[in-house]
Amino acid sequence: MAFILFCLMKGINKLTGLTKKEEAPAEPETKICPYCQSEISIKATRCPHCTSILEETSDLMSYIENLEKQLFEMQDLKYRDFHSKLLPGIDRETIIGIRTPMLRKFTKEFAETLEAELFLKDLPHRYYEENNMHMMIISWIKDYEVCLKEVKKLLPYVNNWATCDLPAPKCFAKHKEELLPEIRNWIASGATYTIRYGIGMLMNFYLEEDFRPEYLKLAADIRSEEYYVNMMIAWYLATALAK
């Protein structure tokens, strides 16, 4: 009897095994940066830890090298040394030293090229001026949804007040109702320059006919030890009172 049961169970297990589909191995989601050995996304084109351009993206590397060569041709070392003093905590070697009017003119021309699309995907950037270029290009995007998506991608990499305070996207002015929840999220993020950006958007778009007293409370209720957050709160409240 035991032998019969054994044969019966063996047959059932064999049939069950035949009906099971072999599971395909999961596609890898990460890879190792060859420069700093950090684990990064499989889709990364530049390491978010050491900012190295990855070897397998040779076309991207060529275009980035060409862009940075053009930026360094506009370098003003005296301006870099002066401007770096206004950006505490930022490595001076990551500041090229390009005067804003010159960088804005260059960026407007660059924004019309095919390389601009690649540039917006290439995060994090190596240089301060590249972050400023990125913020400028975003501010000129006319489609609200596309613009908002690009802002959200860039904000985690903003590390200074000057980049944060560049002119706001013009398309936001026509989408204030949809923008307000995003501003609330930015203010609640806990990230210094994301909070500052959110307050800046309140100041840019909600101090005229769209003003509500609750917006003052939204800024006043922020609790932070960060100097650049508290300075933006003071700037916003002073501007609101002046209105």
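What this report covers is the structure whose coordinates are included nearby. Each residue is numbered by its place in its chain's sequence as written, counting from 1. Per-residue local features are limited, in this predicted model, to residues with pLDDT of at least 70; the limit for side-chain atom pairs, both in listing and counting, is 80 or more; totals at the level of whole chains, interfaces and linings are taken over all residues. To get the side-chain values, take all heavy atoms of the structure and skip hydrogens and water.

### Notes on the nonpolar core
Next, step 1: One finds Leu71, Phe110, Phe172, Trp186, Tyr197 and Leu202 to be the most contacted residues of the largest nonpolar core, which totals 58 residues.
Next, step 2: With eight residues, the single largest contributor to this core is helix 10 (residues 192-205). Note on terminology: a nonpolar core comprises buried Ala, Val, Leu, Ile, Met, Phe, Trp, Tyr and Cys residues joined through side-chain atoms within 4.5 Å. With a 1.4 Å probe rolled over the protein chains alone, any residue whose accessible area is under 20% of its type maximum counts as buried; one over 50% counts as exposed, and the rest are partly exposed. Strands here are runs of E lasting at least two residues and helices are runs of H or I lasting at least four, both read from the DSSP assignment and numbered beginning at the N terminus.

### Looking at the side chain of Thr194
Next, step 1: Tracing the backbone through its elements, the reader meets Thr194 in helix 10.
Next, step 2: The class of Thr194 is buried, set by a relative accessible area of 10%.
Next, step 3: Excluding residues within four positions of it along the chain, Thr194 makes contact with Leu155, Trp186 and Ser189. Contacts were defined at the residue level, with two residues in contact if any of their heavy atoms lie within 4.5 Å.

### A closer look at unusual backbone geometry
Next, step 1: Along the chain, Leu123 connects to Pro124 via a cis peptide bond; the corresponding omega equals 0°.
Next, step 2: Of note, Pro124 is situated in the loop between helix 5 (115-121) and helix 6 (128-139).

### A closer look at the packing of aromatic side chains
Next, step 1: Geometry of aromatic contacts follows a simple scheme: Phe, Tyr and Trp rings, the Trp one being its six-membered ring, pair when their centres are within 6.5 Å, and the pair is stacked under 30 degrees between planes, edge-to-face over 60, tilted otherwise. If you walk through the whole model with that rule in mind, you get nine aromatic pairs.
Next, step 2: Taken together, a centroid distance of 5.3 Å and an interplanar angle of 75° make the contact between Trp186 and Tyr197 edge-to-face. Of this pair, Trp186 sits in helix 9 (residues 176-187) while Tyr197 sits in helix 10, and the two are 11 residues apart along the sequence. You'll find Trp186 and Tyr197 in the same group, each marked buried.
Next, step 3: Three or more aromatic residues joined by ring pairs make a cluster, and in this case those are Phe106, Phe110 and Phe119.

### Focus on the pattern of salt bridges
Oppositely charged side chains can form a pair if their charged atoms are brought close together.
Next, step 1: In what follows, salt bridge is the name for a side-chain nitrogen of Lys or Arg lying within 4 Å of a carboxyl oxygen of Asp or Glu. Tallying each qualifying case throughout the model produces 13 salt bridges.
Next, step 2: In this structure, Lys176 engages Glu209 in a salt bridge whose closest nitrogen and oxygen atoms are separated by 4.0 Å. With a gap of 33 residues between them, Lys176 in helix 9 and Glu209 in the loop between helix 10 and helix 11 (213-220) connect regions that are remote in the sequence.
Next, step 3: Taking the relative accessible area as the measure of exposure, Glu209 reaches 62% and is therefore exposed.
Next, step 4: Residues joined by salt bridges that share partners form a network here, namely Arg80, Asp81 and Arg92.

Function cannot be inferred from these measures alone, as they are strictly geometric.
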